[in-house]
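Okay, here's what each chain looks like letter by letter:
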Amino acid sequence: MNVYRLLRFIGIGRIPDSLKVFGVWLMYVSRRRMAAVFIDPVMACNLRCRMCYFSDPEKRASMSGTMADEELDQLERSMLPYAVKMQIGCGAEPTLYGRLVELVKRGKRCGVPYISLTTNGQLLASGRVRIGDLVEAGLDEITLSMHGTDARTYEYLMPGAKFEMLKKLISEIAEIRKRGLKLSVRVNFTVNNMNMRNLEGNGFWQLWDDAGILPDIVQLRPVQRIGDSDWSDFDLEPLKERFDATIGNVVRRCREEKIVCIAPTAAALDEVATDREAVGAIIEDVVYCYVSPGTVYKPDFDRLHDTFYTYNKKHHTGWHLFKTIFRRGRRSRPRGSKKLNYTVR
């Protein structure tokens, strides 16, 4: 079992907490790759999606910065050699970054097993960044944030985006697959009372059927408040009433096509904020590494001298993990970042 599969394995809720921590501790003491590196190389976005904080002028003005060359060098030295996954694009649009292809190449040069990009895809379709160049550089997965599957809904919810550009990008991905290049495609669709109709019938799938390809993973999440935004309708009652015809409809097609579907159950639609067990929080605090302009991992992380392992050695992480193996699980306070109650179908 490779490390990526092991990390997924130890995250399964049915596995005892002690075994989860033992797995992480074992990887740590054997100096195996275990860090999940999440990178926002530029703090900006080309769109003003109505459900996103980038639609709030004050929030948008407070977010700025682009990773400099020396920060790339530091990232390659301190984090990437220890990464089991590299996620580019977390809270901003990474295709605005001028060195995106180079960033992917650096990840592969450091041996990162899995590199993923989350994007609205508009600049990829425009040719500012070529999706083919990213795949040839080593990109393994693209996550498309798309919140509508017809032009009216898509362009209303994602101001600045053009539906024709989305279709163009999907066609380009189809061509890449025809060339024999591997690229996993994940769709991130935030469901609200306006776009839920796109999930009915064949509405969600028509774009993909027209291009002759299907996504590998479909992720459906109910809309939630993430700061001030243009969107103000967070009433989930209409979605509950039409759950089987909307989210349930997409889940059924995914099962038929053997597509991984990550979606809440009807009973869990309201449960967007959940407490995490203390053990889960401890594991995440060790392996989760967020990087953005001027920020790496933890507030006291020395970007010039620390690495993932030297930092954790200074903070006696191995000993803390070892003690946690024998500690009974308990609840911790919920974090500000809301984790949804997804079910993998």
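## What to know about the overall build of the chain
Then, in step 1: Helix and strand content of the chain: 15 helices and ten strands.
Then, in step 2: Every one of the 345 residues in the chain was classed for burial, and the buried ones make up 51%.
Then, in step 3: Partitioning the contacts of the chain with sequence separation of at least 6, the portion at a separation of at least 24 is 78%.
Then, in step 4: For the chain, the exposed area adds up to about 16400 Å²; of that, 51% sits on carbon and sulfur atoms.

## What to know about a nonpolar patch on the surface
Then, in step 1: Together, Leu-19, Phe-22, Leu-26 and Val-29 make up an exposed nonpolar region whose accessible area comes to about 320 Å².
Then, in step 2: Relative to the assigned elements, Leu-19 resides in helix 2 (residues 17-29).
Then, in step 3: Assessed through its relative accessible area of 38%, Leu-19 is described here as partly exposed.

## Description of the environment of Arg-50
Then, in step 1: For Arg-50, the position within the fold is in the loop between strand 1 (35-39) and helix 3 (57-62).
Then, in step 2: Spatially, the C-alpha atoms of Arg-50 and Asp-230 are 4.8 Å apart, while their sequence positions differ by 180 residues.
Then, in step 3: For Arg-50, the residues in contact, after removing those within four places along its chain, are Ser-55, Tyr-156, Leu-157, Pro-159, Ser-229, Asp-230 and Trp-231.

## Examining helix 9 (residues 163-178)
Then, in step 1: The first and last C-alpha atoms of helix 9 sit 23 Å apart over 16 residues, in line with the 22 Å expected at 1.5 Å per residue.
Then, in step 2: Where helix 9 is buried, its residues touch helix 6 (122-126), helix 7 (131-137), strand 4 (141-145), helix 8 (151-157), strand 5 (184-191) and helix 10 (206-211).
Then, in step 3: Following helix 9 by one or two positions, Gly-180 adopts a phi angle in the positive range, close to 90 degrees.

## So, the environment of Leu-220
Then, in step 1: Assignment of secondary structure puts Leu-220 in strand 6 (residues 217-222).
Then, in step 2: As a C-alpha pair, Leu-220 and Ile-262 span 42 residues in sequence and 6.3 Å in three-dimensional space.

## Some points on the side chain of Thr-317
Then, in step 1: Relative to the helices and strands, Thr-317 resides in helix 15 (residues 317-325).
Then, in step 2: Only 2.7 Å separates the side chain of Thr-317 from the side chain of Asn-312, close enough to count as a polar contact.
Then, in step 3: Leave out the neighbours within four places in its chain, and Thr-317 touches Tyr-28, Val-286 and Asn-312.

## Some thoughts on the pairing of strand 6
Each regular strand shows side chains that alternate between the opposite faces of the sheet.
Then, in step 1: Counting buried positions along strand 6 yields five of six residues, so the element is predominantly enclosed.
Then, in step 2: Of the strand pairs in this sheet, strand 5 and strand 6 are connected by six bridges, and their pairing is parallel. Within the sheet, the bridge partner assigned to Asn-188 lies in strand 6 and is Gln-219.
Then, in step 3: The β-α-β motif built from strand 5, the intervening helix 10 and the parallel element strand 6 has right-handed crossover chirality.
Then, in step 4: Bridge count between strand 6 and strand 7 (residues 260-263): three bridges; the pairing is parallel. By the bridge assignment for strand 7, Ile-217 is matched with Val-260.

Rules of the game
Residues numbered from 1 in each chain as written. Predicted model: local features only at pLDDT ≥ 70, side-chain atom pairs only at ≥ 80, totals over all residues. Heavy atoms only, no water. Helix = DSSP H or I, 4+ residues; strand = E, 2+ residues; numbered from the N terminus. Buried < 20%, exposed > 50% of the residue type's maximum accessible area, 1.4 Å probe, protein only. Contact = heavy atoms within 4.5 Å. Areas by Shrake-Rupley, 256 points an atom, 1.4 Å probe, with all protein chains shown as cover. Patch = residues over 30% accessible without salt bridge, like charges linked within 9 Å, V, L, I, M, F, W, Y side chains within 5 Å. Salt bridge = Lys/Arg side-chain N within 4 Å of Asp/Glu carboxyl O. Expected span 1.5 Å × (residues − 1). Polar contact = N/O pair within 3.5 Å; in protein donor to acceptor, adjacent residues only side chain to side chain. Pairing = 2+ DSSP bridges. Right-handed = clockwise from strand over helix to strand, strands pointing away.

Any link to function would need more than the numbers given here.
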